[in-house]
Amino acid sequence: MMFFFLFSVSGNASTPEFKKKKNSECLLRLRHEGLLNSCPAGVASCPASSCPFRSPRSPRLKLLESALLLGPRPTAGGMEFSELIRTGRAQAELLRGPGAPPLRGTLCVTGHHLLLSPGPQATSDLWLLLLRSVDSIEKRVAGDSGTITLRCKDLRVLQLDIEGVEATLDIARSIEALSSLESVITSFPFFYRPKGLRLGDAWHFHPPEHHYKRVARETNAWRLSEVNEDFSVCPSYPRAVIVPRAVDDDALARSARFRQGGRFPVLSYHHAPSGTVLLRSSQPLTGPQKRRCAEDEELLRAVLAGARPGARGFIVDTRSAQAAKQARMTGGGTEAKAAYPGWKRLHRPMERGRPLQESFVRLVEACGDLEQSMDRWLSRLEGCRWLAHVKEALSTACLAAQGMEREGACILVHGAEGTDSTLLVTSLAQLILDPLSRTMTGFQELVEREWIQAGHPFQLRCAHSAFSHARPKHEAPTFLLFLDCVWQLGRQFPLSLEFGEGLLLALFEHAYASPFGTFLCNSEKERCLCEVRTRTHSLWSGLNQPKEQRKLRNPLYVLNPLAIWPSVEPQSLRLWQGLFLRWTRPPEPSEAAWEKVWQIVTDKEKTEGSQPTVSASEPQP
Amino acid sequence: MPLKPSSCLEDVPFVMRGPEFPVWLLHQLLSIIHTPWRMSLLRGLLGMELIGISVRPFLDFQERLALLGTFFILIDKEVIYICPFNGPIKGRVYITNYRLYLRSLETDSALILDVPLGVISRIEKMGGATSRGENSYGLDITCKDMRNLRFALKQEGHSRRDMFEILTRHAFPLAHSLPIFAFLNEEKFNVDGWLVYNPVEEYRRQGLPNHHWRITFINKCYELCDTYPSLLVVPYRASDEDLRRVATFRSRNRIPVLSWIHPENKTVIVRCSQPLVGMSGKRNKDDEKYLDVIRETNRQISKLTIYDARPNVNAVANKATGGGYESDDAYHNAELFFLDIHNIHVMRESLKKVKDIVYPNVEESHWLSSLESTHWLEHIKLVLTGAIQVADKVSSGKSSVLVHCSDGWDRTAQLTSLAMLMLDSFYRSIEGFEILVQKEWISFGHKFASRIGHGDKNHADADRSPIFLQFIDCVWQMSKQFPTAFEFNEQFLITILDHLYSCRFGTFLYNCESARERQKVTERTVSLWSLINSNKDKFKNPFYTKEINRVLYPVASMRHLELWVNYYIRWNPRIKQQQPNPVEQRYLELLALRDEYIKRLEELQLANSAKLSDPSTSPSSPSQMMPHVQTHF
């Protein structure tokens, strides 16, 4: 009955028989897409009892926090989406850019999706767009029709030509309202129930204990501390972190008070071949009085003591020396030489926040500007400074990795908050050094551990992509910069990464808008409050389905046990065409190449497999 | 004059001397070493006359053949090589009449340089006997392949004189009335590259002659046009007398002749030189009629499309020297477009600027804008864009195309060959590409000798220009955009460019076919294609998918073009891909996998078809199987 409503507005035929047929077709398609139980919110007749919004909240969720997370009208329940939908449907033509044929059909807005259902004679499938992935919307009306241009967070630009001025305006308003909803638990991942996946799997992917098990096999100088079990010591850390065995939980708590946001130094990676470690934290709160903290100093001393006698350490500060000094005026600062014997500070300034976002916006603008006269492209590309950021990130990561591998030193990385450029450096350094992190599961674990659990505020950073007209507040493409750096590594070492461009593109898309819950919220604490892990599906279980593998894996992969040192010369770094020019270039050749490689690699097995059947059917002489 | 016989073409002289080297150990070594290594070891040892006869029984027939091409070490002395990347290196230089080697005396006697003398464009003395400063006295060598070499020698006793003289003599043999090395080279290969291109066969492959096009021998002894091949394809309706009259109106008698014909719609690509219009705006009825005859060969109603590769202003300026372009008034049934590609001088200066920013040190701070200011990629873009237009016109079947520039041997060759590469998948195979180069470049008189300056000491010659390099760069850009469309890999293209300069093969010598015939190049030299075709696996792209009738349209936007770093910046160790060997290794593995798969597939099909045809004869089954094979490979 719910679905009847949904599609009765979209049917373009008048006879009831046809309507019936069409509805069942659509239902089938939806079911196939795993969206069946995902649309009730868009339906006015949604029975109150079945609506997930009415279900009793978890008692663990405090009232204030729940109000915060649920957005403007937590009690309105299932009604809120339908109020935002001005009109159900319209006839429209969709232009998807070069390479894809235009699509005609009935357009329909639901709570989370924009649907285009082609006419009955059309062979193509239902076309779906997650509203959350719309970054900006532009409407234009002329005569009795209108045009909506949707710029998506994955950098796609779609054009919808809609019949009827009123319909155009209504649809535009609906999309605008629905795509900018801020509440987490009314978002699509909480309704997405794809076939073949089990809810709750997400808990089993890469918990901190897994990583600790690996570290514990290599050294016993470290322990897993649950000092942050209730997220009270550090709201942006996971429940369990790896710390020096010699430091107890009380000292950790005190060190946390000396670090911004409570992010005390924790282990990020243990490099077994050299017995050194990579740590990350936030800046110490030395302030103008140059305060010190005995427990924090003890913690770093214990790190060196645990590594090996006489080990040295480097603190890689991702700000310039001057910026670090200036931070003292606002209560931050950096480690004083005298307070941390054995540790040497290195400053490697990296751009973050606003300038990074602006660089991203400029680059996307340049890539999408097809009028661009050809003789200015390269200097414009240079002017975007995106590749300069890639170079900075990779060379800082190389510095950290070199310190561990060649100098045998322990490395602590931090900037100010320790949730952006810090993670960029630590995760890239691991990719360079650790062959395990270059495997499919290893890389997923790395993203989960060094980005998601380490408290990169995805919701804030990825609220808008490059097209949004809204003034950026907390947006920054740090994670995209990481993916770009990984892509550069993959380009320079085509055999050494087990995953391919496909995985990086998927991570980019899902970080900005996803039917999966993996990238929701800003920290483990928020994820816990929203019950993300039990009520949404994990991207990892989505990606690790066998049907996805061919797109994501690198068929050329062979295990490379060595460190991979990338060249960071400007000539060695390229624009990631697969991402930035993805929608303006014909995709076939590169996809064909990928397919071809797979064919070569897998066909051998296939022919071997098929041989016995043939010979069995052959008459015996 | 010759000091010591040596035999090193592919390999390096071994620095093992003295009688203390035990022969038994050598025999042991020879028995366990893998063939290619064994070969290099043997050559090295033989070259040093170390053991002479005692090795020879171990050689098989092929190895003996390969060793026949012996030549001589002319110089063997200590120098300091001033490496722009790693600083001065003490080394020992060996110069043969083919190449220069430098072996380090410091670090495990690694080979540092290996430069065929043909790539040298200029040798200069730097410093004098009295100049001060460390390493200030020596030689400065400029190469044609984007690098410079500096050697420092001892200031006492004119130590550089013999090196300078020998280098000058053998790098510029023409100035010393010596033969170019290709004529001395006695290498033997198991295939003969000169047999790759046979014009009659190639035209037959295109379905020629047919009702509208005939093969003419009017230029058999190069009497019609001395820079054209002896065999030409012209419209059936044009008599030899017509051709002679048209020739008088075309620069250097380069009349419009067929380059390629579309197998289905029968539109053609025709190449020629500019018409001799001149200041007075001369006309030639025969030329006008001839172009109309070309247009009518496929019963085309629309106009013939003429692509003039030059910028409009250059074409106008050419009138002053008697040239010009086809005007609307004279050629009613033709439409003229200018493609804005600049001349050889602009290209030469552009490449010079590229060299300035990549060698020895790469401009780092403003890499992209300095790359932009060289305009190299912009020129690549214009050439590709022009070729795309030609290909599109022909494949859409709208019109036959006539391409010319001024003389029709530089830009015209680029445009026709690139368009043919886009249109005809045959040219994307290794042999097909060799045929394309042989046909459109070598036989149609691209002036390789003048553009490259083989064995010529005049480094500032205004005739030199990297036109062929630019063409290869365009091919590389295409292969980047269509990773599965070409049978050859990057190494193939780099090898062609290396031997464009090396003078080891006769392939690129001389300006035109008539000169080559006079010098008996095919009899007296070895072809580059012999080297390549005898070891094809090294040059194969494992991802190649053979596709018939697929037209490739590369994206010729600046966004999608990139500098060919692996060629232009290959001497810089910091740019080098760090693990080329595993990649090549993996590619070879994939090639082997693919071959195995094809073989298996064929076996299965054979078994299958045998089975099918046995009980109930179905003759259609093998042909049904064939498309299946082709869709995969």
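What counts, and where the lines are drawn
- Residues numbered from 1 in each chain as written.
- Chains lettered and ligands numbered in written order.
- Predicted model: local features only at pLDDT ≥ 70, side-chain atom pairs only at ≥ 80, totals over all residues.
- Heavy atoms only, no water.
- Pairing = 2+ DSSP bridges.
- Helix = DSSP H or I, 4+ residues; strand = E, 2+ residues; numbered from the N terminus.
- Buried < 20%, exposed > 50% of the residue type's maximum accessible area, 1.4 Å probe, protein only.
- Contact = heavy atoms within 4.5 Å.
- Polar contact = N/O pair within 3.5 Å; in protein donor to acceptor, adjacent residues only side chain to side chain.
- Axes fitted to C-alpha atoms, helices over the stretch in contact; angles between N-to-C directions.
- UniProt positions renumbered as here; feature names shortened; annotations may be inferred.
- Core = buried A, V, L, I, M, F, W, Y, C linked by side-chain atoms within 4.5 Å.
- Patch = residues over 30% accessible without salt bridge, like charges linked within 9 Å, V, L, I, M, F, W, Y side chains within 5 Å.
- Areas by Shrake-Rupley, 256 points an atom, 1.4 Å probe, with all protein chains shown as cover.
- Salt bridge = Lys/Arg side-chain N within 4 Å of Asp/Glu carboxyl O.
- Lys, Arg positive; Asp, Glu negative; His and termini not counted.
- Charge placed at Lys NZ, Arg CZ, Asp CG, Glu CD.
- Phe/Tyr/Trp six-rings, centres within 6.5 Å; stacked < 30°, edge-to-face > 60°.
- Lys NZ or Arg CZ within 6 Å of the ring centre and 35° of its normal.
- Parallel < 35°, antiparallel > 145°, perpendicular 65-115°, else oblique.
- Left-handed = near helix turned anticlockwise from the far one by under 90°.
- Nonpolar A, V, L, I, M, F, W, Y, C, P; charged D, E, K, R; others polar.

Here the focus is the pairing of strand β3 (residues 87-96) of chain B. All names here are of chain B. Bridge analysis of β3 against strand β4 (residues 99-104) gives five bridges, and the strand direction is antiparallel. Residue pairing in the sheet places valine 93 in a bridge with leucine 102 of β4. With antiparallel pairing between neighbouring strands as the criterion, β3 and β4 make up a hairpin whose turn holds two residues.

Here we come to helix α11 (residues 377-384) of chain A. For an α-helix, 3.6 residues make a turn, and residues three or four places apart therefore share a direction. For α11(A), the tally of buried residues reaches six of eight residues, placing the bulk of the element in the interior. Restricting attention to buried positions, one finds in α11(A) the residues Trp377(A), Leu378(A), Ser379(A), Leu381(A), Glu382(A) and Cys384(A). Considering only its buried residues, α11(A) is in contact with α10 (353-368) and α12 (386-405) of chain A together with α10 (367-374) and α11 (376-395) of chain B. Backbone geometry just downstream of α11(A) places Arg385(A) in the positive-phi region, at approximately 65°.

On to the side chain of Ser530(B). Residues and elements named next belong to chain B. Positionally, serine 530 belongs in helix α19 (residues 528-533). The exposure class of serine 530 is buried, given its relative accessible area of 3%. Among the polar contacts made by the side chain of serine 530, one reaches the main-chain carbonyl oxygen of valine 191 at a distance of 3.5 Å. In contact with serine 530, other than residues within four places in its own chain, are Phe189, Val191, Asp192 and Gly193.

Paired through their backbone hydrogen bonds, the strands of a sheet run either parallel or antiparallel. Residues and elements named next belong to chain B. Strand order in the open sheet made by the five strands is β11-β12-β15-β13-β14, with mixed pairing throughout. Edge strands, defined here as strands with exactly one partner in the open sheet, are β11 (257-261) and β14 (334-338). Strand-to-strand twist in this sheet, taken as the mean axis angle between neighbours without regard to direction, amounts to 25°. Two elements, β11 and strand β12 (residues 268-271), share four bridges in a ladder whose sense is antiparallel.

Right, let's talk about the UniProt feature "domain: Tyrosine specific protein phosphatases" (unreviewed entry) in chain B for a bit. Following the UniProt record, one finds the feature "domain: Tyrosine specific protein phosphatases" (unreviewed entry) at residues 374-436 of chain B. Taken end to end, residues 374-436 of chain B is 65% helix and 6% strand, and its first and last C-alpha atoms sit 29 Å apart.

A few words on the nonpolar core. Phe443(A), Phe482(A), Phe580(A), Phe433(B) and Phe468(B) are the most contacted members of the largest nonpolar core, which has 212 residues in total. When near neighbours in sequence (up to four residues on either side) are disregarded, Phe482(A) contacts Leu424(A), Ser427(A), Leu428(A), Leu431(A), Phe443(A), Leu446(A), Val447(A) and Trp451(A). Counting 37 residues, the second-largest nonpolar core is a separate cluster that includes Trp213(B), Leu231(B), Leu243(B) and Leu258(B).

Below, the discussion takes up a negative patch on the surface. On the surface, a cluster of negative charge is contributed by Glu209(A), Glu226(A), Glu229(A) and Asp230(A). With respect to the helices, strands and loops of the structure, Glu209(A) is situated in helix α6 (residues 208-218).

This paragraph deals with the packing of aromatic side chains. Taken as a whole, this structure holds 41 aromatic pairs over all chains when the rule is applied. Measuring from ring centre to ring centre gives 5.4 Å for Tyr325(B) and Phe338(B), while their planes differ by 85°; the resulting arrangement is edge-to-face. Here the residue Tyr325(B) occupies a position in the loop between α8 (312-317) and β14, and Phe338(B) occupies one in strand β14, the gap between them amounting to 13 residues. Cluster of aromatic residues (ring-pair linked, three or more members): Phe433(B), Trp441(B), Phe448(B), Phe468(B), Phe471(B), Phe486(B), Phe488(B), Phe492(B), Phe508(B), Trp529(B) and Phe539(B). Over the aromatic face of Phe467(A) sits the side chain of Arg151(A), whose NZ or CZ is 5.9 Å from the ring centroid. Taking the ring centre of Tyr427(B) as reference, the NZ or CZ of Arg205(B) above it sits at 5.1 Å.

Let us look at the environment of Gly281(B). All names here are of chain B. With respect to the helices, strands and loops of the structure, glycine 281 is situated in the loop between β12 and α7 (285-296). According to the relative accessible area criterion, glycine 281 is partly exposed, its value standing at 38%. Along the chain, glycine 281 and glutamate 372 lie 91 residues apart, while their C-alpha atoms are 39 Å from each other.

With that out of the way, let us pick up the sheet that holds strand β4 (residues 127-130) of chain A. Residue and element names in this part refer to chain A. Spatially, seven strands are ordered β4-β3-β2-β1-β7-β6-β5 in an open sheet, and the strand pairing comes out antiparallel. One side of each edge strand has no neighbouring strand; the edge strands of this open sheet are β4 and β5 (134-142). On average, each strand axis in the sheet is inclined to that of its neighbour by 30°, with strand direction left out of account. Against the sheet, helix α5 (residues 165-179) engages β1 (89-95), β2 (103-109), β3 (113-118), β5, β6 (145-152) and β7 (157-163), with an angle of about 165° to β5.

The next thing to look at is the UniProt feature "binding site: substrate" (unreviewed entry) in chain B. All names here are of chain B. As annotated in UniProt, the feature "binding site: substrate" (unreviewed entry) corresponds to Asn343, Ile344, Cys405, Ser406, Asp407, Gly408, Trp409, Asp410 and Arg411 in the numbering used here. Spanning 69 residues, the annotated positions come together in the fold, the maximum distance between their C-alpha atoms being 12.3 Å. Take aspartate 407: it is sitting in the loop between β15 (401-404) and α12 (411-423). Looking at aspartate 407, the relative accessible area reads 16%, which means it is buried. Here the side chain of aspartate 407 touches serine 251 through a polar contact of 2.9 Å, side chain to side chain.

Moving on: the pattern of salt bridges. Under the counting rule described, the total for this entry stands at 65 salt bridges over all chains. Across the pair Asp242(B) and Arg245(B) runs a salt bridge, and its minimum N-O distance is 2.9 Å. Note that Asp242(B) and Arg245(B) are positioned in helix α6 (residues 240-247) at a spacing of three residues, about one turn of the helix. Relative accessible area serves as the criterion here: at 13%, Asp242(B) is assigned to the buried category. Sharing partners across several salt bridges, the network here consists of Arg280(A), Glu445(A), Arg449(A) and Glu450(A).

A word on the packing of helix α14 (residues 440-452) of chain A against helix α17 (residues 501-512) of chain A. Residues and elements named next belong to chain A. At a minimum axis separation of 12 Å, α14 and α17 run at an interaxial angle of 25°. Taken together, α14 and α17 sit at an angle that is classed as roughly parallel. Note on packing geometry: the crossing formed by α14 with α17 is right-handed. Taking contact as the criterion, the partners of Met440, Phe443 and Val447 in α14 are, on α17, Leu503, Leu504 and Leu507. Residue composition of the contact of α14 with α17, by class: six nonpolar, no polar and no charged.

Take unusual backbone geometry next. All names here are of chain B. Residue proline 209 is reached from leucine 208 by a cis peptide bond, and omega for that bond is 0°. Structurally, the position occupied by proline 209 is in the loop between α5 (199-205) and β9 (213-216). The peptide bond linking tyrosine 359 to proline 360 adopts the cis configuration, its omega dihedral lying at -5°. Topologically, proline 360 is positioned in the loop between α9 (344-358) and α10. Notably, serine 177 is not glycine yet its phi reads approximately 45°, a positive angle.

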